[in-house]
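# Analysis of the macromolecular model
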Amino acid sequence: MDRSNKRRGRNSREESQESSSQRTKGGKSGRRRRLKPCSLREVEVTVGELGLGYDSDEILLFRYCSGRCTASRRRNYDIALEHTRRAGLIKKGRRDKVQYSPCCRPIAYEKDISFLDNNSRYHTVQEVLARECGCA
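In what follows, the accompanying structure is described. (Residues numbered from 1 in each chain as written. Predicted model: local features only at pLDDT ≥ 70, side-chain atom pairs only at ≥ 80, totals over all residues. Heavy atoms only, no water.)

## Details of the overall build of the protein
Within the protein, the secondary structure is distributed over 3 helices and 6 strands. Reading the protein from its N end, one meets helices and strands in the order α-α-β-β-α-β-β-β-β. Looking at the protein residue by residue over its 136 residues, the buried ones come to 23%. Summarising the internal contacts of the protein: among those between residues at least 6 apart in sequence, 49% fall at separations of at least 24. A total of about 11,100 Å² of accessible surface is found on the protein, and carbon and sulfur atoms cover 45% of it. (Helix = DSSP H or I, 4+ residues; strand = E, 2+ residues; numbered from the N terminus. Buried < 20%, exposed > 50% of the residue type's maximum accessible area, 1.4 Å probe, protein only. Contact = heavy atoms within 4.5 Å. Areas by Shrake-Rupley, 256 points an atom, 1.4 Å probe, with all protein chains shown as cover.)

In structure tokens, the structure reads:
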């Protein structure tokens, strides 16, 4: 074991396994960032920045879902879809991209959001803020 590996507290076998599984092109360190598991995140934005067509400078805490979903929670549908695609029964095309891995999505929403637009009109919009996330 060389000194650089001793300083970092790793042996060469651990380092080679980690580097081969985490390398990507173009990264500064050459390692892929590990995505966090599917969970609720939040960011402060104005209502106008949501892209829903409202002209409002009112600020809210936008809650959204983001993260990695493991393929271990696959259902029979996912298994069958993957198999038929690999067997060539479903052709892969530009318009018909088949996705058989689960994605992080809201499974419950806050009731609604209410706000004033820049013309002092009151609006209420439903299913904008995620309350709970899951893999679907």
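## With respect to the pairing of strand β5 (residues 122-126)
Of the two faces of β5, only one is covered, namely that formed by H123 and V125; the face formed by Y122, T124 and Q126 stays uncovered. In this sheet, β5 lies alongside strand β4 (residues 112-116) in antiparallel orientation, the contact comprising 5 bridges. Within β5, the position partnered with L116 by the bridge is Y122. The antiparallel hairpin formed by β4 and β5 contains 5 residues in its connecting segment, where S120 sits at a positive phi of about 60°. (Pairing = 2+ DSSP bridges.)

## Section: the packing of aromatic side chains
Within the structure shown, the criterion is met by 2 aromatic pairs. Note on Y54 and F115: the rings are 5.1 Å apart at their centroids and 80° apart in plane angle, and the pair reads as edge-to-face. In this pair, Y54 is assigned in the loop between β1 (39-46) and β2 (59-66) and F115 in strand β4, connecting sequence segments 61 residues apart. Overall, Y54 belongs to the partly exposed group, its relative accessible area being 26%. A ring pair is formed by F62 and Y64, whose centres lie 5.9 Å apart and whose planes are at 10°; its orientation type is stacked. (Phe/Tyr/Trp six-rings, centres within 6.5 Å; stacked < 30°, edge-to-face > 60°.)

## Quick look at the state of the cysteines
Two cysteines, two sulfur atoms, one covalent bond between them: this is a disulfide. In the structure shown here, the tally under the stated rule is 3 disulfides. What pairs with C65 in a disulfide is C133, and their sulfur atoms sit 2.0 Å apart. The S-S bond linking C65 to C133 shows a torsion near -85°; that makes this disulfide left-handed. A residue pair is termed long-range when its members are at least 10 positions apart, and C65 in strand β2 and C133 in strand β6 (residues 130-135) qualify at 68 residues. A relative accessible area of 17% places C133 in the buried class. Linked covalently through their sulfurs, C69 and C135 form a disulfide whose S-S length is 2.2 Å. Linking C69 and C135, the disulfide has an S-S dihedral of approximately -90° and is accordingly described as left-handed. (Disulfide = S-S within 2.5 Å.)

By themselves, these figures tell us nothing about what the structure is for.
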